[in-house]
Amino acid sequence: MTSETAETGGAESPPLVEAEGITKRFPGVVANADVDLDLHAGEIHCVLGENGAGKTTLMNVVYGLYQPDEGELRVRGERVDFESSADAIAAGIGMVHQHFQLVPVLTVTDNVILGQEPMRGPLVDRESARQRIVELSEQYGLAVDPDARIGDLSVGAQQRVELLKALYREADVLILDEPTAVLTPGEVREFFEVVRGLVAQGKAVVFITHKLREVLELADRISVLRGGALVGTADPHEATIESLAELMVGREVAFTVDKTPAQPTHTMLQVRDLHVKDDRGVQTVQGVDFEVRAGEIFGIAGVEGNGQRELVEAVTGMRTPTNGQIVIGEYDIVGANPRKVQGLGVGHIPEDRGKHGLVSRFDLTENVILNRYHHPPFSQRFLLNRGVAKDTTQRLVEQYDVRTPSIDVSASTLSGGNQQKLVVARELEQELRLLVVNQPTRGLDVGSVEFIHSQLVRRRDDGVAVLLVSAELDEVLGLADRIGVIYRGELLATMDAAEATRERVGPLMAGQTQQAAAAGAGANGDGEGKQGA
Ligand SMILES: Nc1ncnc2c1ncn2[C@@H]1O[C@H](COP(=O)(O)OP(=O)(O)OP(=O)(O)O)[C@@H](O)[C@H]1O
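Residue numbers run consecutively from 1 along every chain, following the written order of its sequence. Residues qualify for local features only when their pLDDT is at least 70, as the model is predicted, and side-chain atom pairs are given and counted only at 80 or more; totals for whole chains, interfaces and linings, by contrast, use all residues.

Within an unreviewed UniProt entry, the label attached to the protein reads ABC transporter ATP-binding protein, and the organism entered is Egibacter rhizosphaerae. UniProt positions are given in the numbering used here, feature names are shortened, and annotations may be inferred rather than shown by experiment. The Subcellular location (unreviewed entry) field of the UniProt record for the protein holds the comment "Cell membrane".

Printed below as a string of structure tokens:
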């Protein structure tokens, strides 16, 4: 639908939001340089750009979190000067961040009305709020139980609560920052339906994503940022994944991984009959067996939440298994702490860089030496050699193209994708025997994905054993030499990459065993990995 046909649009009405000449500077960086952006009722506007291109900054300006240094914002044709997000919300702008801002112990209703409680005299009128939430869920197809506790909801349901929160505040413009990064394939499909419903009812949606297939499927309008500036717009009917990638990155991007057949040698990681419980005490890994040899990439495919997190935490010493063996080299590491495991030459790229990868208030050098400051070359005779630490950080920042004004800024100032590149650089560029990577390219732009993939293959070719866990089926199929499929904590099948196709692995990810798949029973493709590009 276009603005002309939208309920609240119409050829003569101005865009819901016009951003004109927006410039926003941070120390040493021009995050947005003279950017124009129009958001129309009834349109899905995709904003693309490589990591650090300025997408989040621009949206934070529109949402009132940052004030622009230059330029102006107009809402329905009227100039606005937002001093905070409260002003933007009052003007009908809502934003759903990548990290949800919900209180886990409260109910859906309490979260939605938080800070906006309807009062009847001195009392909160919870019942009328609850009724309004039910109406909104029905109107926009946002299925959630208003009385459920947030902590008990799936990620997809929590995202629907965030949308309800914005709609309850009567938002006409919804800014969604990488909303599908955290969703399972089934949830992505449901989410697309919701977004289509929102624009059909006259809302304007801004959709930030690195997944170009999603852009082609959903966008009415595409804007591309590079180095803080708007470098172009693309017509979703004419654009291809390749053309969008080139517009974003400024060069051609390869979508297939260039690698020769693996030459594996001895077993480096052996996992036997592994059982692991999650934080709630639920047995999420249930009798897993596999091994990874030096010089190969063993990929674990699976829809998120099937025990991958607990498996990776057990292998890296962050979680003690309830049963089973994990042998790295010749050591059984069950009971060993993460530092000990790391000392065996184990690198770890965690799925949650905020929790386990980086300390956001530390500068880049402190983050690079985080788990190695007590090892040479950083430590010499118990003293930290700052010069070596800084030189190493500078080299990694250049080699991995971490976009930053300097290595002295705190990690929190880096864009999400650049934070991830820093973690990957630190973990890959050390003495390694085993590398455990969980969702290594989440939030990365297509150019960075291409680079990180080639680096993983390079370390494999150096003789490192690589355990790759990813919900992106394309990533596992493109990188791994052998593949296991995890479903409800069990490895359903292990196969050579040559035998692994999307058609074979997809149904297994949905829990369909090989026998059933051969009989053709009930394949619905729901288990397909999230789309790579
Ligand atoms: N609060 C801040 N202080 C200093 N620099 C910042 C701050 N926020 C963003 N930047 C810088 O502004 C630039 C743009 O960052 P932004 O987060 O907008 O990029 P992005 O396009 O959203 O990237 P990604 O795809 O990685 O999320 C980056 O160079 C970043 O380091």
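Next comes the rest of the account.
K.L.:
In this structure, what is going on with the nonpolar core? I would like to understand it.
P.N.:
Across soluble globular proteins, nonpolar side chains have a tendency to be buried as a group. Counting 141 residues, the largest nonpolar core has Val-62, Val-205, Leu-468 and Val-485 as its most contacted members. We call two residues in contact whenever the C-beta atoms placed from their backbones are within 7 Å. Discounting residues that sit within four places of it in the chain, Val-205 has contacts with Ile-44, His-45, Leu-174, Leu-176, Val-195, Leu-198 and Val-199. We define a nonpolar core as a collection of buried residues of the types Ala, Val, Leu, Ile, Met, Phe, Trp, Tyr and Cys that are connected via C-beta atoms lying within 7 Å of each other. Put simply, a residue is buried when 20 or more other C-beta atoms lie within 10 Å of its own C-beta and exposed when 12 or fewer do; between those, it is partly exposed, and each C-beta is set from the backbone.

K.L.:
Got a minute to help me understand the environment of Leu-136 in this structure?
P.N.:
Here a helix means four or more residues in a row that DSSP labels H or I, a strand means two or more in a row labelled E, and each is numbered from the N terminus. In this structure, Leu-136 sits in helix α4 (residues 126-140). Residue Leu-136 is classed as partly exposed on the basis of its C-beta count, with 18 C-beta atoms lying within 10 Å. A sequence separation of 32 residues divides Leu-136 from Tyr-168, and the C-alpha atoms of the two residues are 7.5 Å apart. Setting aside its immediate chain neighbours within four residues, Leu-136 contacts Leu-142, Leu-164, Leu-167 and Tyr-168.

K.L.:
Honestly, the sheet that holds strand β3 (residues 44-49) in this entry has me stumped. Any pointers?
P.N.:
Consider a sheet: its strands pair through backbone hydrogen bonds, and that pairing is either parallel or antiparallel. Pairing between strands is defined by DSSP: at least two bridges between them are needed. A sheet is described by the order of its strands in space; here 6 strands give the open sequence β6-β9-β10-β3-β11-β12, paired in mixed fashion. The open sheet is flanked by β6 (93-96) and β12 (229-234), the only strands paired with a single partner. Across this sheet, the average inter-strand angle for adjacent strands is 20°, counted without regard to direction. Every axis in this analysis is a line fitted to C-alpha atoms, fitted for helices over the stretch in contact. Angles between the N-to-C directions lie between 0 and 180 degrees. Contacting β3, β6, β9 (173-177), β10 (204-208) and β11 (221-226), helix α1 (residues 55-62) crosses the sheet at an angle of about 150° to β9. Relative to the sheet, helix α8 (residues 241-249) contacts β3, β11 and β12, its axis offset from that of β12 by approximately 165°.

K.L.:
Can you help me understand the packing of α4 against helix α5 (residues 155-168) in this one?
P.N.:
A pair of packed helices is characterised by two quantities: the angle between their axes and the separation of those axes. Where α4 meets α5, the closest approach of the two axes is 10 Å, and the angle between their N-to-C directions is 110°. Accordingly, the angle class assigned to the pair α4 and α5 is roughly perpendicular. Residues Arg-132, Ile-133, Leu-136, Ser-137 and Tyr-140 of α4 form the contact with α5, whose own contacting residues are Leu-164, Leu-167 and Tyr-168. Should an angle lie under 35 degrees it is considered roughly parallel, over 145 roughly antiparallel, and from 65 to 115 roughly perpendicular; all remaining angles are considered oblique.

K.L.:
Explain the environment of Leu-508 to me, please; I cannot follow it from the model alone.
P.N.:
Relative to the assigned elements, Leu-508 resides in helix α17 (residues 502-509). When the C-alpha atoms of Leu-508 and Leu-492 are compared, they prove to be 7.0 Å apart, with 16 residues separating the residues in sequence.

K.L.:
Which parts of the structure should I look at to understand the site of the ligand?
P.N.:
Using the backbone to place each C-beta atom, any residue with that atom within 6 Å of a molecule or strand is considered near it. Residues in contact with the ligand amount to 19 residues; listed here are only the nearest, Phe-26, Asn-51, Thr-56, Ser-415 and Gly-417. For the shell around the ligand, the elements supplying multiple residues, two or more each, are β2 (29-39), α1 and α14 (416-428). Within the shell around the ligand, the residues separate by chemical class into 5 nonpolar, 12 polar and 2 charged. Domain borders in the structure are assigned automatically or taken from a domain database. Each of domain 1 (1-92 + 172-253) and domain 4 (356-430) accounts for three or more of the residues forming the shell around the ligand. Residue classes follow a fixed rule: Ala, Val, Leu, Ile, Met, Phe, Trp, Tyr, Cys and Pro count as nonpolar, while Asp, Glu, Lys and Arg count as charged, and any other residue, Gly among them, counts as polar.

K.L.:
Help me out: how do you make sense of unusual backbone geometry in this one?
P.N.:
Most peptide bonds take the trans form, and the phi angle of most residues other than glycine is negative. Even without a glycine there, the phi angle at Asp-401 is positive, about 55°. With respect to the element layout, Asp-401 can be found in the loop between α13 (386-399) and α14. Owing to 15 C-beta atoms within 10 Å, Asp-401 belongs among the partly exposed residues under this scheme. The residue Gln-439 is not glycine, and still its phi comes out positive at about 55°. Its place among the elements puts Gln-439 in the loop between β21 (434-438) and α15 (446-461).

K.L.:
What is the right way to look at the UniProt feature "domain: ABC transporter" (unreviewed entry) in the protein in this model?
P.N.:
Here the UniProt-annotated "domain: ABC transporter" (unreviewed entry) positions come out as residues 17-252 and 269-513. Between the end C-alpha atoms of residues 17-252 there is a gap of 33 Å, over a span that is 34% helix and 28% strand.

K.L.:
Could you clarify how one ought to interpret the domain arrangement of the protein in this entry?
P.N.:
Often, the extent of an interface is quoted as the loss of accessible area on bringing the components together. As far as domains go, the protein holds domain 1 (1-92 + 172-253), domain 2 (100-170), domain 3 (259-345 + 432-533) and domain 4 (356-430). Centre-to-centre separation of domain 1 and domain 4, based on C-alpha positions: 32 Å. In this assembly, 7 residues from domain 1 lie in contact with 7 residues from domain 4. Considering only residue class, the side of domain 1 that touches domain 4 consists of 3 nonpolar, 4 polar and no charged.

K.L.:
How should I be thinking about α13 in this particular structure?
P.N.:
Each α-helix winds once per 3.6 residues, and so residues spaced three or four apart point in a common direction. A helix is expected to span 1.5 Å for every residue after the first. The terminal C-alpha atoms of α13 lie 20 Å apart, and with 14 residues this matches the ideal 20 Å at 1.5 Å per residue to within 8%. Those residues of α13 that are buried lie in contact with α12 (364-368), β20 (383-384) and α14. Downstream of α13 by a residue or two, Asp-401 has a phi angle that is positive, lying close to 55°.

K.L.:
Would you explain the packing of α14 against α15 in this entry?
P.N.:
For the pair α14 and α15, the least separation of the axes is 12 Å and the interaxial angle reads 10°. When the interaxial angle is binned, α14 and α15 end up roughly parallel. Contact residues: Gly-417, Lys-421, Val-424 and Leu-428 in α14; Ser-448, Ile-452, Gln-455 and Arg-459 in α15. Of the residues assigned to the contact of α14 with α15, the class counts are 3 nonpolar, 3 polar and 2 charged.

K.L.:
Could you clarify how one ought to interpret the pairing of β11 in this entry?
P.N.:
Two faces make up the sheet, and in a regular strand the side chains alternate between them. The buried fraction of β11 is high, at 5 of 6 residues. Bridge count between β3 and β11: 5 bridges; the pairing is parallel. Along β11, the bridge assignment pairs Gly-49 with Leu-225. Pairing geometry for β11 and β12, over 5 bridges, is antiparallel. By the bridge assignment for β12, Arg-226 is matched with Ala-229. Hairpin geometry of β11 and β12 is characterised by an intervening segment of 2 residues between the two adjacent antiparallel strands and by a positive phi of about 55° at Gly-227.

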